[in-house]
Amino acid sequence: MVGWLREGEEKIFFPRAHPVRIANFPLLEVAFSPEKGEKTGVKWPQNPEKQGGRAAKTREKQGVRGAKLLRKQGVFRALMPEKWEEGAKKQGLFPVKALPLYRAIGERLCLKLLEDVPPRRRRVLLRGEGVDVNLRALANALCPQTALALELEKGGEELARQLQRDYGAPPLDPAWGEPPQVVVELGPPAENIPLPPGARRLKLWGEPDLAGLVLNCPLDLPPDLPRDPFLALLWESGRLEVDQIGILSP
């Protein structure tokens, strides 16, 4: 079971966990009173330091309370606002992340960023710490469709040989020719390596950055549901295929 921590529309004195189904996916929902502000009409103090301190403590407490309720039900993962994540993790409840889904559609994300570039001029730079399953799969998917360059701390030589053997051309030297239009990061780049001029960064590690791209799916979802993490849940459970997910340009 996966949980869902959310803000309710009105004050809730005794939050409870109860089952709901969203797009036929079962979730255990816990709703809390809305944070002070527009929904409640109650404002934080005007002093910015007090305001920030109180807000942060309240958010952490909400995350802790929600995590305790869900952990009692045997739940280890939940959809939740980012502001509650730290408190929840302290109780052993971890937020569902969309990163595995982003990596699964990494080829499509990259090609979407290149859709206005003529195919023969498309250049992509893959950056990462080393060659793992995700980077190898992406390199093999992109190599027949773009001019590919590798910038890896280790393992790049072996991958370059494999790409040359399978596709007839080795990856380009990053320092040669025109700069790439897209840089795909699958791990932290080496320190002080700037983004090439004019390139767009597709970050598929840590806190992802899709360079303005937005996932789209024809599902009627609650507006406060973390959309991309929920799509990741549907995908990993076999309820949603990647080709059912659209990608919109900024």
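The rules behind each value
Residues numbered from 1 in each chain as written. Predicted model: local features only at pLDDT ≥ 70, side-chain atom pairs only at ≥ 80, totals over all residues. Heavy atoms only, no water. Helix = DSSP H or I, 4+ residues; strand = E, 2+ residues; numbered from the N terminus. Contact = heavy atoms within 4.5 Å. Areas by Shrake-Rupley, 256 points an atom, 1.4 Å probe, with all protein chains shown as cover. Lys, Arg positive; Asp, Glu negative; His and termini not counted. Charge placed at Lys NZ, Arg CZ, Asp CG, Glu CD. 1 Å grid on protein atoms, 1.4 Å probe; cavity = no way out; pocket = protein on both sides within 12 Å on 5 of 7 lines; lining within 4 Å. Points joined across faces, edges and corners; volume = space filled by probe spheres on them. Nonpolar A, V, L, I, M, F, W, Y, C, P; charged D, E, K, R; others polar. Pairing = 2+ DSSP bridges. Axes fitted to C-alpha atoms, helices over the stretch in contact; angles between N-to-C directions. Salt bridge = Lys/Arg side-chain N within 4 Å of Asp/Glu carboxyl O. Buried < 20%, exposed > 50% of the residue type's maximum accessible area, 1.4 Å probe, protein only. pLDDT = per-residue confidence, 0-100. Disulfide = S-S within 2.5 Å. Phe/Tyr/Trp six-rings, centres within 6.5 Å; stacked < 30°, edge-to-face > 60°.

1. What about the overall build of the chain?
When helices and strands are tallied, the chain shows seven helices and 11 strands. Considering only C-alpha atoms, the chain reaches an extent of 65 × 45 × 30 Å along its principal axes. Looking at the chain alone, contacts between residues at least 24 apart form 63% of all its contacts between residues at least 6 apart. Surface summary for the chain: the accessible area is close to 13,900 Å², and the carbon and sulfur share equals 51%. Between the averaged position of the 38 positive side-chain charges in the chain and that of its 33 negative side-chain charges there is a distance of 7 Å.

2. Topic: the layout of surface pockets
Volume-wise, the second largest pocket comes out at about 280 Å³. Around the second largest pocket sit 20 residues that line it, and E85, K97, A98, E207 and P229 are the ones nearest its centre. When contributions to the lining of the second largest pocket are tallied by element, the ones reaching two or more residues are β4 (77-79), α3 (99-104) and α7 (227-236). Partitioning the lining of the second largest pocket into residue classes produces 13 nonpolar, one polar and six charged.

3. Considering the sheet that holds strand β9 (residues 200-203)
Taken together, four strands build an open sheet; the order of strands is β7-β6-β8-β9 and the sheet is parallel. The open sheet has two edge strands with one neighbour each: β7 (147-152) and β9. For this sheet, the mean inter-axis angle between neighbouring strands, taken without regard to orientation, is 20 degrees. As paired elements, strand β6 (residues 123-128) and β7 share six bridges and run parallel to each other. Each bridged residue has a counterpart across the sheet, and for L125 the counterpart in β7 is A149.

4. Observations regarding the pattern of salt bridges
Under the defined criterion, the tally for this structure stands at 14 salt bridges. Of the charged contacts in the structure, one is a salt bridge between E236 and R77, with a shortest N-O distance of 2.6 Å. Taken together, the residues E236 in helix α7 and R77 in strand β4 connect sequence positions 159 residues apart. Overall, the relative accessible area of 32% leaves R77 in the partly exposed class.

5. Section: empty space enclosed by the protein
For the coordinates displayed, the defined rule picks out one cavity of 30 Å³ or more. Taken as a whole, the largest cavity encloses approximately 60 Å³ of empty space. Every residue along the wall of the largest cavity is listed here: R123, V124, L125, A147, L148, A149, L172, P174 and P180. Of all the elements in the fold, those that place two or more residues in the lining of the largest cavity are β6 and β7.

6. Some details on the confidence of the model for the chain
Predicted confidence across the chain gives a mean pLDDT of 88, with 90% of residues reaching 70 or more. Within the chain, the lowest mean pLDDT, 76, falls on helix α1 (residues 48-72), and the highest, 98, falls on helix α4 (residues 106-113). Per-residue pLDDT stays below 50 along residues 38-45; that stretch engages in 18 contacts with residues further than four places along the chain or on separate chains.

7. Quick notes on the state of the cysteines
Simply put, disulfide is the name for a covalent bond between the sulfur atoms of two cysteines. One pass over the structure, following the stated rule, counts zero disulfides. Free of any disulfide, C110 has its nearest neighbouring cysteine sulfur in C143, separated by 12 Å.

8. Notes on the sheet that holds strand β5 (residues 94-95)
Read across the sheet, five strands follow the order β2-β3-β1-β4-β5 without closing on themselves; strand pairing throughout is mixed. Where the open sheet ends on each side, the last strands, each with one partner, are β2 (17-22) and β5. Pairing of strand β1 (residues 2-7) with β4, which is carried by two bridges, proceeds in the parallel orientation. Among the inter-strand pairings, W4 is bridged to a residue of β4, identified as L79.

9. Let's talk about the packing of aromatic side chains
Inspection of every chain in the model, using the stated rule, returns two aromatic pairs. Summarising the aromatic geometry, the rings of F25 and F230 are spaced 5.9 Å apart at their centres and angled 85 degrees between planes, so their arrangement reads as edge-to-face. Taken together, the residues F25 in strand β3 (residues 25-32) and F230 in helix α7 connect sequence positions 205 residues apart. With a relative accessible area of 6%, F25 lands in the buried category. We classify F230 as buried; its relative accessible area is 0%. On the basis of an interplanar angle of 85 degrees and a centroid distance of 5.5 Å, the ring pair of F32 and W84 is categorised as edge-to-face.

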